Amino acid sequence: MDIIVDIADLAVSNDPRATLVTHSLGSCIGVAIHDPEVHVGGMIHYMLPDSTLSPEKAKANPAMFANTGVPALFRAAYELGAVKKRMVVKVAGGAQLLDDNGTFNIGKRNYVMLRKLFWKNGILIDAEDVGGSISRTVRLSVGTGKVSLRSRNREIEL
Amino acid sequence: MSRCQEILDRVGTLPPLPDTAVKLMQVVNDPAATVEELVEAIQYDQAVTSELLRICNSAFFGLSRRISSLTEAMIRLGTVKVLQLVMSIHTNSMLVREQAGYGLPPGALWKHSVAVALASSIVAQKVKLPNAGLVFTAGLLHDIGKVVLNSYVADDFAEIVRRVAEEKLDFRQAEEQVLGFSHDHIGGRIAEQWRLPEPIVRCIQHHHDPDALDPTDPLVDNVYLANSTCLLLGIGIGEDGLCYRANPAVMQRHDLSERDLEDIGAQTLVELKRVESLFTAGDVPPANPAATGQEHSNVS
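Model, not experiment: these values are computed from the prediction.

Conventions and cut-offs
Residues numbered from 1 in each chain as written. Chains lettered and ligands numbered in written order. Predicted model: local features only at pLDDT ≥ 70, side-chain atom pairs only at ≥ 80, totals over all residues. Helix = DSSP H or I, 4+ residues; strand = E, 2+ residues; numbered from the N terminus. Rg over C-alpha atoms; globule rule 2.2 N^0.38 Å. Buried ≥ 20, exposed ≤ 12 C-beta atoms within 10 Å, placed from the backbone. Contact = placed C-beta atoms within 7 Å. Nonpolar A, V, L, I, M, F, W, Y, C, P; charged D, E, K, R; others polar. pLDDT = per-residue confidence, 0-100. Core = buried A, V, L, I, M, F, W, Y, C linked by C-beta atoms within 7 Å. Axes fitted to C-alpha atoms, helices over the stretch in contact; angles between N-to-C directions. Parallel < 35°, antiparallel > 145°, perpendicular 65-115°, else oblique. Left-handed = near helix turned anticlockwise from the far one by under 90°. Pairing = 2+ DSSP bridges.

J.: Hey, could you go over the overall build of chain A for me, with residue numbers and the actual values?
T.: A count of helices and strands for chain A gives three helices and ten strands. For chain A, the N- to C-terminal ordering of α and β elements is β-β-β-β-β-α-α-β-α-β-β-β-β. The globule rule puts the C-alpha radius of gyration for 158 residues at 15 Å, and the 15 Å found for chain A is close to it. By principal-axis analysis of the C-alpha atoms, chain A measures approximately 45 × 40 × 25 Å. The 158 residues of chain A split such that 53% are buried. Residue pairs at least 24 apart in sequence account for 64% of intrachain contacts in chain A once pairs closer than 6 positions are excluded.

J.: Give me the lowdown on the interface of chain B and chain A, citing residues and values where you can.
T.: Much of the literature gives interface size as the accessible area that the parts lose upon coming together. Of the residues lining the interface, 33 residues belong to chain B; the matching set on chain A comes to 42 residues. Of the residues forming the side of chain B that touches chain A, the biggest block, nine residues, is contributed by helix 16 (residues 258–280) of chain B. Residues of the side of chain B that touches chain A, tallied by class, amount to 18 nonpolar, seven polar and eight charged.

J.: How would you sum up the confidence of the model for chain B? Please name residues and give values.
T.: Residue and element names in this part refer to chain B. With 93% of its residues at a pLDDT of at least 70, chain B reaches an overall mean of 85. Within chain B, the element-level pLDDT minimum falls on helix 17 (residues 289–292), averaging 35, and the maximum on helix 14 (residues 218–232), averaging 96. Across residues 281–296 the pLDDT falls below 50, and counting only partners more than four positions away or on other chains, this stretch makes 25 contacts in the model. The ipTM value of the predicted complex is 0.93, and its pTM value is 0.89.

J.: A description of the nonpolar core should follow, citing residues and the corresponding values.
T.: Leu20, Val31, Tyr46 and Leu73 of chain A together with Val86 and Ile200 of chain B are the most contacted members of the largest nonpolar core, which has 139 residues in total. At twelve residues, the largest contribution of residues to this core is made by helix 7 (residues 108–126) of chain B. Apart from residues no more than four positions distant in its own chain, isoleucine 200 of chain B is found in contact with Met25, Leu134, Thr137, Ala138, Leu141 and Ala191 of chain B.

J.: Run through the packing of helix 5 (residues 70–77) of chain B against helix 6 (residues 79–95) of chain B, naming residues and quoting values.
T.: The angle between the axes and the distance between the axes are what describe a pair of packed helices. Residues and elements named next belong to chain B. Interhelical geometry of helix 5 versus helix 6 gives an angle of 120 degrees and a closest axis separation of 6 Å. On the basis of the axis angle, helix 5 is oblique to helix 6. Where helix 5 approaches helix 6, its residues Ala73, Met74 and Leu77 are matched on the opposing element by Thr79, Lys81 and Val82. Looking at side-chain class alone, the contact of helix 5 with helix 6 contains four nonpolar, one polar and one charged residues.

J.: Can you tell me about the packing of helix 3 (residues 35–42) of chain B against helix 5 of chain B, naming the residues and giving the values?
T.: All names here are of chain B. Here helix 3 crosses helix 5 at 130 degrees, and the two axes come no closer than 9 Å. Judged by the inter-axis angle, helix 3 sits oblique to helix 5. Between helix 3 and helix 5 lies a crossing whose hand is right-handed. On helix 5, the residues touching Val35, Leu38, Val39 and Ile42 of helix 3 are Leu70, Thr71 and Met74. A per-class count over the contact of helix 3 with helix 5 returns six nonpolar, one polar and no charged.

J.: Describe in detail the sheet that holds strand 4 (residues 29–35) of chain A, supporting the description with residues and values.
T.: Residue and element names in this part refer to chain A. Spatial ordering of the open sheet is given by 2-5-4-6-7, a layout of five strands whose pairing is mixed. One side of each edge strand has no neighbouring strand; the edge strands of this open sheet are strand 2 (9–13) and strand 7 (127–130). Ignoring strand direction, the axes of neighbouring strands in this sheet form an average angle of 10 degrees. In the packing of helix 2 (residues 66–79) onto the sheet, contacts are made with strand 2, strand 4 and strand 5 (40–46), and the angle to strand 5 comes to roughly 165 degrees.

J.: Outline the environment of aspartate 15 of chain A, supporting the account with residue identities and numerical values.
T.: Residue and element names in this part refer to chain A. Inspection of the secondary structure assignment puts aspartate 15 in the loop between strand 2 and strand 3 (19–25). For aspartate 15, a count of 14 C-beta atoms within 10 Å translates into the label partly exposed. Distance in space between the C-alpha atoms of aspartate 15 and methionine 1 is 9.3 Å, their sequence separation being 14 residues.

J.: If you had to explain the sheet that holds strand 8 (residues 136–141) of chain A to someone new, which residues and values would you point to?
T.: Residues and elements named next belong to chain A. Strand order across the open sheet formed by five strands is 1-3-8-9-10, with mixed pairing between neighbours. Of all the strands in the sheet, just strand 1 (2–4) and strand 10 (154–157) have a single pairing partner and so form its edges. The mean inter-strand angle of the sheet, taken between neighbouring strand axes irrespective of direction, is 20 degrees. Taken together, the four bridges between strand 9 (residues 147–151) and strand 10 define a ladder with antiparallel strand orientation.

J.: How would you sum up the pairing of strand 8 of chain A? Please name residues and give values.
T.: Residues and elements named next belong to chain A. The sheet contact formed by strand 3 and strand 8 spans five bridges and is antiparallel. For leucine 25, the partnering residue across the bridge sits in strand 8 and is arginine 136. The pairing of strand 8 with strand 9 spans four bridges and is antiparallel. Paired with arginine 139 across the two strands is serine 148, which belongs to strand 9. Counted between consecutive antiparallel strands, the loop separating strand 8 from strand 9 contains five residues, among which glycine 145 sits at a positive phi close to 80 degrees.

J.: With reference to specific residues and values, describe the pairing of strand 2 of chain A.
T.: Residue and element names in this part refer to chain A. Buried residues dominate strand 2, accounting for five of its five residues. The alternating pattern of strand 2 places Asp9, Ala11 and Ser13 and Leu10 and Val12 on opposite faces, both of which are buried. Bridging between strand 2 and strand 5 involves five bridges; their strand directions are antiparallel. Directly across from aspartate 9, in strand 5, lies its bridge partner histidine 45.

J.: Describe unusual backbone geometry, and please don't skip the residues or the numbers.
T.: Cis peptide bonds are those with omega within 30 degrees of zero, and the linkage from aspartate 214 of chain B to proline 215 of chain B qualifies with 0 degrees. Locating proline 215 of chain B in the fold gives a position in the loop between helix 13 (198–205) and helix 14. With a phi close to 55 degrees, histidine 39 of chain A is a non-glycine residue in the positive phi region. Within the secondary structure, histidine 39 of chain A sits in the loop between strand 4 and strand 5. One non-glycine residue, aspartate 255 of chain B, lies in positive phi territory at about 55 degrees. A count of 9 C-beta atoms within 10 Å places aspartate 255 of chain B in the exposed class.

This is the structure we're talking about:
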């Protein structure tokens, strides 16, 4: 069963048959977390780094921003019994337009914010596929913790 | 027959835009148009009128009294809103189909087009560009060329992608080298053939290279910024991904910051979700059936 995680959305599950899927990650970032001991998986597809842009929008939908959405993702997984130190964390997205001048760099700022959040909270990234100018689809199997990533004609396990 | 000629001939075989849509765009292009003229441009198309009234009376607008005529819709919802809805209805059947060559599943190109139309209106408000009806329509039709180039891109996709990766071309340059045309330029030809107002033709043709115009055109800049934002956010993007050139000069011309772009993106997404709910509530096939209903385990 596929659980679709839309843009500015997050989902968690402890159903081992479930697969969390997010499509079309551009500059947005997808974070997949998984606790292999209790088979709890979670995924977010956040679009912007920082909720100070619009506190009302962040209140209506925390998953729009990294700094409100990522903590909400972890909290939701903890509620299903996941434990921080067992969590396997994988990251994809943060793409850019073709540009030598570093403008239109929402992707980069999205990634920097995530690193900052993880650094402060002592969370390590186990695998990542970020940057470039491609669109990515990410799938997390809740039962196995396997994360696969598809972009253009490339399909890899992360 | 040469490839280029074959592609051009394909443009000629595209079904014409409905008369009512063309007429409506001419009225939209005229800032002095009256409500009566707008009604006149829509009312002879029964299908569009009834679909419009269905949407106006949906729970979304939460109106206490039913709207039963076009004039009433214009007065109660505002002409700009009504025009946006009518244009979205008109283009739906054309854009909703799968564009496999670009890796766009059914509904994705329409979603992208509506998002760019909404974002164009949001940018226009930010930079205080008048004529919201025109801006929206230009955004809605900017990628129409993809409908024609789709099958050719599918055939030559590997070669286009190779040139993007190895020769550092952007996707439209690679299209142009491999096929003889890029989707924006073919889109311009289609728009001319449909006799769309000149400002809209320009937006479609130059939505990836606004600096090719001299002098530059604020309306084209507007659609460029809207499209770039939607590409970044991955809204309805295909295998071409984000392989298009960023142009910081456009932002400087309109005194926009990176944070402004973020704000445009956030507003666009909120409005897109509202518009999508209008169309998925009715008889229009959703982009991805699974994506229309949130799973109960989705937390946000």
